[in-house]
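# Structural overview
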Amino acid sequence: MTAPAPLRLAMLTVVRNDRAGLADTYDSLRGQLGPGIVWLVADGASTDGTAEWLADHADVPLWWRSARDSGLYDAMNDALAAAGRLGCSHVLFLNAGDRLAEPDSGIRLLQAIARHPDCALLYGDALERLGDGRILLKRARSHRWASLGMFTHHQAMIYSVSALAGLRFDSGYRIAADYDFTLSVLKRGRAERLHWPVCLFAAGGLSQRDATAGRHEQTAIRQRHFGHGAAHAAMIVLAQRVALALRHHLPALYAKLRFRCPET
């Protein structure tokens, strides 16, 4: 009888011109890397010293490259392909500036993966740092509500490499390719919710800077995956706009409705 392949969780980081964010991500991984947890970095030919930082720390990532690419999702595909070549069993996309939630998050994730070896996707809650410096807990919604949008931050999702055979991010989507990718994974296997925070999310990403374009892409993705008609799509977009308006114009109310204080 063949023994099961050992678990190896790859933290996949994409970066371009964010040396400080990359160093912050590494700081959260420091002490957690080893045979079972590895770091892979795809840098998009940065000009701010990021490539030099990677060269100076070349013994830390299991794999890294600094080269021109076609953007965020092209870089993610490169890192994902490298994870497959290096025998990684699971991947977590932790972009520059994002952090693991706790110093023991990596080992907790390996333990969760071992408990659910047949899952295509594991996902948990996320911590967010607000503009006033507070760090609050943003609970994941159930993946059964995936038709409404991403049910947790992408940085709180762990994908089984075996469930990703032939699947890559569609770079035709500039903002919401991670949503399309996740919906495809959900069709391939079971998902399991983890009831604790996986990441500390770095706010200010592309999806937040260009929310309108992101909503348009999500509408097209829902149509492709669920066959939603115009009326259904319009209702979801309206709900998203209300939530965004609350976040921008009534941040205290939004925080009260959406966030919780993390457990200590």
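Summarised in this report is the structure supplied together with it. (Residues numbered from 1 in each chain as written. Predicted model: local features only at pLDDT ≥ 70, side-chain atom pairs only at ≥ 80, totals over all residues. Heavy atoms only, no water.)

### Section: helix 4 (residues 105-115)
Worth spelling out the cut-off: Burial classes: relative accessible area under 20% of the type maximum marks a residue as buried, over 50% as exposed, and values in between as partly exposed (1.4 Å probe, protein chains only). Helix and strand labels come from DSSP, where a helix needs a run of H or I of at least four residues and a strand needs a run of E of at least two; each type is numbered from the N terminus. Directions from the helix axis toward the C-beta atoms define the arc.
Of the residues making up helix 4, those classed as buried are Ser105, Gly106, Leu109, Leu110, Ala112 and Ile113. Summarising the axial view, the buried residues of helix 4 lie within an arc of 160 degrees, below the 170-degree limit, and thus occupy one face.

### Some points on the nonpolar core
Note the cut-off: What is meant by a nonpolar core is a set of buried Ala, Val, Leu, Ile, Met, Phe, Trp, Tyr and Cys residues, joined one to another through side-chain atoms within 4.5 Å. The contact definition used throughout considers only heavy atoms, calling two residues in contact when any of these lie within 4.5 Å.
Membership of the largest hydrophobic core comes to 39 residues, with the highest contact counts inside it found for Leu12, Val91 and Tyr159. By residue number, the principal contributor to this core is helix 3 (residues 72-85), which donates 7 residues. Those residues in contact with Leu12 that lie beyond four places of it in its chain are Leu40, Ala79, Leu80, Ala83, Val91, Leu92, Phe93, Leu94 and Asn95.

### Digging into the pairing of strand 2 (residues 37-43)
So the rule is basically this: In this analysis, strands are considered paired if DSSP registers two or more bridges between them.
Of all 7 residues that make up strand 2, 7 are buried, and the element is covered over most of its length. Residues Ile37, Trp39, Val41 and Asp43 line one face of strand 2 and the alternating positions Val38, Leu40 and Ala42 line the opposite face, and both faces are buried. Of the pairings in the sheet, the one linking strand 1 (residues 9-15) to strand 2 comprises 7 bridges and is parallel in character. Bridged to Val14 within strand 2 is Ala42. Of the strand pairs in this sheet, strand 2 and strand 3 (residues 63-66) are connected by 4 bridges, and their pairing is parallel.

### So, the pairing of strand 1
As a reminder of what qualifies: Clockwise travel from the first strand over the helix to the second, with the strands pointing away from the viewer, marks a crossover as right-handed.
Most of strand 1 is tucked away, with 7 of its 7 residues classed as buried. Of the two faces of strand 1, the one holding Leu9, Met11, Thr13 and Val15 and the one holding Ala10, Leu12 and Val14 are both buried throughout. Handedness of the crossover is the feature at issue here: the chain leaves strand 1, passes through helix 1 (residues 19-29), returns alongside strand 2, and the resulting connection is right-handed. With 4 bridges connecting them, strand 1 and strand 4 (residues 90-93) associate as parallel partners. The partner of Leu12 across the bridge, within strand 4, is Phe93.

### Regarding the packing of aromatic side chains
Aromatic rings in a pair are described by how distant their centres are and how their planes are angled relative to each other. Note the following rule: Ring pairs shown here join Phe, Tyr and Trp side chains whose ring centres sit within 6.5 Å, with only the six-membered ring taken for Trp; geometry is labelled stacked below 30 degrees between planes, edge-to-face above 60, and tilted in between. In our convention, an over-ring charge means Lys NZ or Arg CZ found within 6 Å of a ring centre and within 35 degrees of that ring's normal.
Evaluation of the coordinates by the stated rule reveals 9 aromatic pairs. On the numbers, 5.6 Å between centres and 15 degrees between planes, the contact of Tyr26 with Trp39 is stacked. Of this pair, Tyr26 sits in helix 1 while Trp39 is found in strand 2, placing the two residues 13 residues apart along the sequence. What makes Tyr26 buried here is its relative accessible area of 11%. Seen from their ring centres, Tyr73 and Phe169 are 5.7 Å apart, and the 25 degrees between their planes marks the pair as stacked. Within this pair, whereas Tyr73 is found in helix 3, its partner Phe169 is found in the loop between strand 8 (157-160) and helix 5 (177-186), the two being separated by 96 residues in sequence. By relative accessible area, which is 5% here, Tyr73 ends up buried. Put simply, the rings of Tyr73, Phe93, Tyr159, Phe169 and Phe181 pair up and form one aromatic cluster. In this structure, Arg108 packs its charged tip against the face of Trp196, placed 4.0 Å from the ring centre.

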